[in-house]
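Architecture and fold: a report
Residue strings, one per chain:
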Amino acid sequence: MTLSRPVIVAGDWKMNTTPADAGRLATDIAAATEVAGVTRIVCPPYVALPAVRDALAATSVAVGAQNLHGEPAGAYTGEVSGQMLVGLATWCIVGHSERRRDQAESDELIGRKLLRCAENGLRPILCVGEQLAEREAGLAEETVRGQLERSIGELRRLGAGLPADLVVAYEPVWAIGTGRTAWGSDAAAMAALIRLVLAESAGVPEDGAGVPVLYGGSVTSASIAEFLAEPEIDGALVGGASLKVDEMAGIVARAGMTAAARASAA
Ligand code: PGA
């Protein structure tokens, strides 16, 4: 089962680039990362989505949004709904730790956002991960389990299940933008826990073995190998390094080796 999962590299540009320069960066990344077997996704800011969509139209690089609103429509000034993203993006990051921190996004809200993704044909990348204090207190697994269970609980309350095409990104908060990465073995253990919780709490079949789990947190072309050496890890959600063409080239090249190894073992 492990070997049939896709290998995915997603770049989250966060609050960087403008509509004027984003298309060019996307084109350069696409050209530098043409590697067989790797699913590539670029997630620019909302306002750059049309430019990036157009720039990538002739490539196999997919476009993702960084967020969407938890409600389908309504009086929410300044917000963007899932429906508005249709035609602009096919993926959407949900529950990034910067939004959990800065916009106080709760696990329940994140559950509703997952539903909005499913309703609009957006494939979600659900981010989970513990704070440094939680890891040091031995509470990392409990924290991630709680995040997943509360989001799943909200979906259940709404009469919905997890989106069938869910991707999960394990992103320890202390590793994001800090230059400090987790150990591959810790990330692999967390990926196993994530699949277990999805199976236990949401009834995901085959013990969650079909759900891709990415690692995120200070991933670079130098650190990616540590994570892709783990069969439980299916790729990366890349922040800072995703704005650098050479870094993305190195990361996707390494991901291509994993994709090729999985294909030949299948
Ligand atoms: P980083 O960000 O790679 O800059 O640490 C990762 C993320 O926020 O997904």
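In what follows, the accompanying structure is described. Quick caveat, the model's predicted, so the values are computed rather than measured.

1. Describing the sheet that holds strand β7 (residues 213-216)
Read around the closed barrel, the eight strands follow the order β1-β2-β3-β4-β5-β6-β7-β8; overall the barrel is parallel. For this sheet, the mean inter-axis angle between neighbouring strands, taken without regard to orientation, is 25 degrees. Sheet topology places strand β5 (residues 123-128) next to strand β6 (residues 167-170); four bridges connect them, and they run parallel. Bridge pairing links Ile125 to Val167 in β6. Each of β2 (38-43) and β3 (62-65) touches helix α2 (residues 49-56); the most contacted strand, β3, lies at about 165 degrees to it.

2. Quick look at the site of the ligand
In the region of the ligand, the neighbouring residues are Lys14, His96, Glu171, Ala175, Ile176, Gly177, Gly217, Ser218, Val219, Leu237, Gly239 and Gly240. With respect to the ligand, the backbone of Gly177 contributes an N or O atom lying 2.6 Å from an oxygen atom. At 2.7 Å, a backbone N or O of Ser218 approaches an oxygen atom of the ligand. About the coverage of the ligand: the protein hides 95% of its 280 Å² of free accessible area. Split into classes, the residues belonging to the shell around the ligand amount to four nonpolar, six polar and two charged.

Definitions and limits used
- Every chain is numbered independently, its residues counted from 1 as its sequence is written.
- For this predicted model, a pLDDT threshold of at least 70 governs which residues receive local features, and a threshold of 80 or more governs which side-chain atom pairs are given and counted, while totals over whole chains, interfaces and linings are taken from all residues.
- Water and hydrogen atoms play no part in the side-chain values, which are based on all heavy atoms of the structure.
- Each pair of strands is called paired provided DSSP finds at least two bridges between the two strands.
- Each helix is a run of H or I in the DSSP string that is no shorter than four residues. Each strand is a run of E no shorter than two, and both are numbered from the N terminus.
- To define axes, lines are fitted to C-alpha atoms, for helices over the stretch in contact only, and angles between the resulting N-to-C directions are given on a 0 to 180 degree scale.
- Here a residue-residue contact requires only that any non-hydrogen atoms of the pair lie within 4.5 Å.
- The cutoff for a nearby residue is simple: one of its non-hydrogen atoms must lie within 4 Å of the molecule or strand.
- Distance and chemistry together define a polar contact, namely a pair of N or O atoms within 3.5 Å, with one atom able to donate a hydrogen and the other to accept it when in protein, and with adjacent residues in sequence counting only for side-chain atoms on both sides.
- Only the protein chains shown count as covering a residue, and every accessible area follows the Shrake-Rupley method with a 1.4 Å probe.
- Basically, the charged four are Asp, Glu, Lys and Arg, the nonpolar ten are Ala, Val, Leu, Ile, Met, Phe, Trp, Tyr, Cys and Pro, and anything else, Gly included, counts as polar.

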